[in-house]
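Listed here are the chains, written in short residue letters.
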Amino acid sequence: MNSVYVNEMVAHRRHLHKRPEEGWTEFETTYYIVDQLRKMGIPVTVGKANINEKEVLGRDPQLVEDAITRAVNHGVPQAFIDECAGYTGAVAVIDTGRPGPTTAFRSDIDCVLVRESKDPDHLPNKLGFASERPGFMHACGHDGHSAVGLALAHWIWDNKDNLSGKFKLIFQPAEEGVRGARAMVEAGIVDDVDYFVGGHVGGVIGLGEVAVMDGGFLASSKFDVTIEGKAAHAGNCPQLGNNALMAACAASMMLQGIPRHGDGATRVSVGTLHAGEGRNVVPAHAKIQMEVRGETKEVNDFMKNFVYDIFAGIDKSYRVKSKVELAGESITLTPCPEFFDTVEEVMAKIPNVKLVPRIHCPSGSEDCALFLSRVIKNGGKAAFILYGCNHKGHHRSNFDIQDEQSLPNAFEIYKGISQVVNKLPNL
């Protein structure tokens, strides 16, 4: 493999790792990606141009406004911010000018709300590229995914005279909380795509291993819930108050008691609960962020319906008013066995890489599933791959990906797929 692309990938990954941004606020990240692409001469559309605003979930306008201020203060040009029109993400298009399929590769760009480890043995600390933003970290590998996407774009651009058709490099915002793919899918970004590939570093396989996923994504619904009670003095007139904090606590316990389903795996998580105004005030406000997941859409919908019923009951019992907002949603992976064989043939030819059996086990959720589903529904072919690393758990403060070893494996897979499906007719 050309060391130029490897060196670029590692440099991109480490730059992005230092400046993590949560979903829908990735203005610095988007600018870095777009700047790299445009320096190569690759056409790119950014922000709102790739988004169906009616399908946007879980976007906080105040966080977006704060992120824009931070990005400008950190050197992002105001003209670029204006071009984004309030949204993040980018889509690069490389047209070879010759007839052939349209092939898309997706990279997600957002981070996790995790404070990075200060352990001196943690590689980002050792080499000086740890997160500069306390409480934010690329603890799921999206910095690596973006780096692979950039290197792949560079390779395709360099080799477009030896390829046919068209390529789309999708840099998706807000994967965490399964929020961003839906708005891009509904904007028609992949409606002309014949082949689609997404991937993830790590997962259930180790460094040097690669695999195709033929199932395993859990369908999921994410909720932001606000509860409004009534404040009162906790000492002399508590009877005048309606306790939003206690209502939120009761709801959290009830959510854990949603019946499990015999037709598939289920998950419930209450991730945050913020409530109250002070020690001696009956709490008037509470906010919960929570999720349900199911092995099938039907199982997830079963869980989802209980969420609405539980908060309706809480309102009556605690005399509060709850607002339950859908903040993100995704589906299970749509299998495409005829394309899996092609992808695995590419994987099997990569030196010093072990192709492991297809992965099909209940795991996390991935809104890339929405891209796959749309492409397959329109008659195209799609696959989601894993390229392993030796990690200590995703979304943990000491997560790392051994970028010099793991990212080249992804690059070789994507490059190999491009050479197979977009080969010149006479080759």
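On a predicted model such as this, the values are computed, not experimentally measured, just so you know.

### A closer look at the sheet that holds strand S6 (residues 209-213)
Piece 1. Pairing is mixed in the open sheet, where eight strands are placed in the order S1-S2-S4-S3-S5-S12-S6-S11. Looking at strand neighbours, the two that pair on one side only are strand S1 (44-46) and strand S11 (354-355), the edges of this open sheet.
Piece 2. Across four bridges, strand S3 (residues 102-108) lies against strand S5 (residues 195-201) in parallel orientation. Looking at S5, one finds that Thr103 is bridged to Tyr195.

### Re the state of the cysteines
Piece 1. Tallied over the entire structure, the rule returns zero disulfides.
Piece 2. With no disulfide of its own, Cys140 lies 9.7 Å from the sulfur of Cys389, the closest cysteine sulfur.
Piece 3. Relative accessible area serves as the criterion here: at 2%, Cys389 is assigned to the buried category.

### Observations regarding unusual backbone geometry
Piece 1. Despite not being glycine, Arg319 shows a phi value in the positive range, around 55°.
Piece 2. Although it is not a glycine, His395 adopts a positive phi angle of roughly 65°.
Piece 3. One can find His395 in the loop between strand S12 (381-387) and helix H12 (403-421).
Piece 4. On the accessibility criterion, His395 (37% relative accessible area) is partly exposed.

### Things to note about the environment of Ala187
Piece 1. Position of Ala187 among the secondary structure elements: in the loop between helix H7 (180-185) and S5.
Piece 2. Along the primary structure Ala187 and Arg115 are separated by 72 residues, whereas in three dimensions their C-alpha atoms are 34 Å apart.
Piece 3. Apart from residues no more than four positions distant in its own chain, Ala187 is found in contact with Asn50, Ile51 and Asn52.

### Quick notes on the packing of aromatic side chains
Piece 1. The tally for this structure, following the rule as stated, stands at nine aromatic pairs.
Piece 2. Ring geometry for Tyr5 versus Phe411: centroids 5.5 Å apart, planes at 25°, classification stacked. You can see Tyr5 sitting in helix H1 (residues 3-18) and its partner Phe411 sitting in helix H12, a full 406 residues away along the chain.
Piece 3. The buried category is assigned to Phe411, whose relative accessible area is 1%.
Piece 4. Aromatic pair Phe217 and Phe384: ring centres 4.9 Å apart, planes at 80°, arrangement edge-to-face. Here Phe217 is found in the loop between S6 and strand S7 (219-228), whereas its partner Phe384 is found in strand S12, with 167 residues between them in sequence.
Piece 5. You can call Phe217 buried: its relative accessible area is 5%.

### Remarks on helix H9 (residues 297-318)
Piece 1. Its 22 residues place the ends of H9 32 Å apart at the C-alpha level, agreeing with the 32 Å of an ideal helix rising 1.5 Å per residue.
Piece 2. Buried within H9 we find Val299, Asn300, Met303, Lys304, Val307, Ile310, Phe311, Ile314 and Asp315. Projected onto a plane normal to the axis of H9, the buried residues spread over an arc of 160° and lie on a single side. Turned more than 90 degrees from where H9 packs its buried face, Glu298, Asp309, Lys316 and Ser317 sit exposed.

### So, the pattern of salt bridges
Piece 1. Counted according to the given criterion, the structure contains 28 salt bridges.
Piece 2. The partner of Lys168 in a salt bridge is Asp192, and the shortest N-O contact between them spans 3.0 Å. With a gap of 24 residues between them, Lys168 in strand S4 (residues 166-172) and Asp192 in the loop between H7 and S5 connect regions that are remote in the sequence.
Piece 3. Here Lys168 falls in the buried class, since its relative accessible area comes to 10%.
Piece 4. The class of Asp192 is partly exposed, set by a relative accessible area of 35%.

Cut-offs applied
- Residues numbered from 1 in each chain as written.
- Predicted model: local features only at pLDDT ≥ 70, side-chain atom pairs only at ≥ 80, totals over all residues.
- Heavy atoms only, no water.
- Pairing = 2+ DSSP bridges.
- Helix = DSSP H or I, 4+ residues; strand = E, 2+ residues; numbered from the N terminus.
- Disulfide = S-S within 2.5 Å.
- Buried < 20%, exposed > 50% of the residue type's maximum accessible area, 1.4 Å probe, protein only.
- Contact = heavy atoms within 4.5 Å.
- Phe/Tyr/Trp six-rings, centres within 6.5 Å; stacked < 30°, edge-to-face > 60°.
- Expected span 1.5 Å × (residues − 1).
- Arc of directions from axis to C-beta.
- Salt bridge = Lys/Arg side-chain N within 4 Å of Asp/Glu carboxyl O.

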